[in-house]
Amino acid sequence: MAGAQLGEVVLAEPRGFCAGVDRAIEIVERALKKFGAPIYVRHEIVHNTYVVNDLKSRGAIFIEDLAEVPAGATLVFSAHGVAKAVRDEAAARGFRVFDATCPLVTKVHVEVAKLAKEGYEFVMIGHKGHPEVEGTMGQLHEGIYLVEDVAGVQQVQPRGNKLAVVTQTTLSVDDAAEILAAVKRRFPEVREPKKQDICYATQNRQDAVKLLAPGVDVVIVVGSPTSSNSNRLRELAQRLGTPAYMVDAAADLQPEWFAGRKRVGLTAGASAPDILVQQVIERLRALGALSLRRLPGVPEEVHFPLPLGLGDRSMAELDASRS
């Protein structure tokens, strides 16, 4: 590819880590620092290969079954949340537990528990097999029905007439709205969430891609294949008519993607660290990119507190107070 073909890299804003991911990673880092290795983590703390491998190298052990955790160990629940049965088993087995569930996911769990006591059943809009969906549906033994698309709405057969909707937090905003509309057509009295369950970071990153994609020739999304919100960014760019590719690392970039394309849009999923974005930028420069431009975007100033026992100030705040 001739260098002159690729001119500008355009960065979406915002992109990359959200407050829930920051908090989850910091919980594992602090647990390692306070209690020493190994620290056991149920499921990948966030869906990013680089982050998981980095924490593994520092003494985190990622497991799926609590039977793999020895007695007396320290256990961290991932940012995606866990079913009530997992939480109960961890308590029964006496582990020291720190919950890294994103507070926005916890909000959905609390709403499910509250409305279930009032006699509600639930439609859960989400992707089958995703750990967040398994965690939310696992808050109840029955009465929660998974819907993945508009067609699935017709399969829901609630037992009573009190029905509420909850959603996975990392869905396509547009897809979720379309499915919700179908739910409301079939069940006009359905109770919607007080606030949209799709998280602020997912919304903001998708809005940024809507601004980015029409003005570039190709979009690169930094994110791991298991990352739901990263996949949604790639799909959204393609839906807007711009070729889009998702990469786990700079080495995944293929020069032929940029043949004849002068402007490359770049974003990152909420679980992708900025170091990966910077490495992709360097690789694009090696492929001929001459300039870098950042689009305006919504500033994000959300911070979530850490669990008791790990301190109530972030590492960044502690470092700043010492300087």
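Figured I'd write up the structure that's included with this text. This is a predicted model, so every value here is computed, not measured. Each chain carries its own residue numbering, running from 1 in the written order of its sequence. Selection of residues for local features in this predicted model requires a pLDDT of at least 70, selection of side-chain atom pairs for listing and counting requires 80 or more, and totals for whole chains, interfaces and linings are taken over all residues. Excluding hydrogens and water, the side-chain values take into account all heavy atoms of the structure.

### Remarks on the sheet that holds strand β12 (residues 291-294)
Here comes step 1: Strands sit in the order β10-β9-β11-β1-β12 across an open sheet of 5 strands; the sheet is parallel. Two strands close off the open sheet at either side, each with one partner strand: β10 (244-247) and β12. Across this sheet, the average inter-strand angle for adjacent strands is 25 degrees, counted without regard to direction.
Here comes step 2: In short, DSSP must find at least two bridges between two strands for them to pair. To qualify as a helix, a DSSP run of H or I must reach at least 4 residues; to qualify as a strand, a run of E must reach at least 2; elements of each kind are numbered from the N terminus. Looking at chain direction, strand β9 (residues 218-222) and strand β11 (residues 263-268) are connected through 5 bridges and run parallel. Bridging across to β11, V222 finds its partner in A268.
Here comes step 3: In this description, contact between two residues means that some pair of their heavy atoms is separated by no more than 4.5 Å. Angles here are taken between N-to-C directions and fall from 0 to 180 degrees, while the axes themselves are lines fitted to C-alpha atoms, restricted in helices to the stretch in contact. Relative to the sheet, helix α9 (residues 274-286) contacts β1 (8-11), β9, β10, β11 and β12, its axis offset from that of β11 by approximately 165 degrees.

### Some details on the side chain of H80
Here comes step 1: Mapped onto the elements of the fold, H80 is located in the loop between β4 (74-77) and α3 (84-92).
Here comes step 2: For H80, a relative accessible area of 10% corresponds to the buried category.
Here comes step 3: Engagement of the side chain of H80 in a polar contact is seen with the side chain of S78, the distance being 2.9 Å. Between buried and exposed lies partly exposed: a residue is buried under 20% and exposed over 50% of the maximum accessible area for its type, with that area taken using a 1.4 Å probe on protein chains only. Residues adjacent in sequence count toward polar contacts only when both atoms are side-chain atoms; beyond that, a polar contact is any pair of N or O atoms within 3.5 Å, and within protein one must be able to donate a hydrogen and the other to accept it.

### With respect to the environment of G160
Here comes step 1: Inspection of the secondary structure assignment puts G160 in the loop between β7 (144-147) and β8 (163-167).
Here comes step 2: In this structure G160 comes out as partly exposed when scored by relative accessible area, which is 45%.
Here comes step 3: Separated by 39 residues in sequence, G160 and E121 have C-alpha atoms that sit 7.6 Å apart.

### Considering the state of the cysteines
Here comes step 1: Here, the term disulfide refers to a pair of cysteine sulfur atoms separated by no more than 2.5 Å. A complete count under the given rule lists 0 disulfides for this structure.
Here comes step 2: Between C102, a free cysteine, and C18, which holds the nearest cysteine sulfur, the sulfur-to-sulfur gap is 6.1 Å.
Here comes step 3: A residue is classified by how much of its surface remains accessible, and C102, at 12% relative accessible area, is buried.
Here comes step 4: Left unpaired, C199 is separated from the closest cysteine sulfur, that of C18, by 5.7 Å.
Here comes step 5: Here C199 falls in the buried class, since its relative accessible area comes to 10%.

### Looking at the sheet that holds strand β5 (residues 96-99)
Here comes step 1: If you walk across this open sheet you meet the 4 strands as β3-β2-β4-β5, and the pairing is parallel. Two strands bound the open sheet, and with one partner strand each, they are β3 (60-63) and β5. Neighbour to neighbour, the strand axes of the sheet diverge by 25 degrees on average, direction disregarded.
Here comes step 2: Seen against the sheet, helix α1 (residues 19-35) touches β2 (39-42), β3, β4 and β5 and runs at an angle of roughly 155 degrees to β5.

### What about the pairing of β8?
The two faces of a sheet get side chains in turn, since along a regular strand they alternate between them.
Here comes step 1: Along β8, 5 of the 5 residues are buried, which leaves the element largely enclosed by surrounding structure.
Here comes step 2: A two-sided burial pattern is seen for β8, the buried positions comprising L163, V165 and T167 on one face and A164 and V166 on the other.
Here comes step 3: Bridging between strand β6 (residues 121-125) and β8 involves 5 bridges; their strand directions are parallel. Bridging across to β8, F122 finds its partner in A164.

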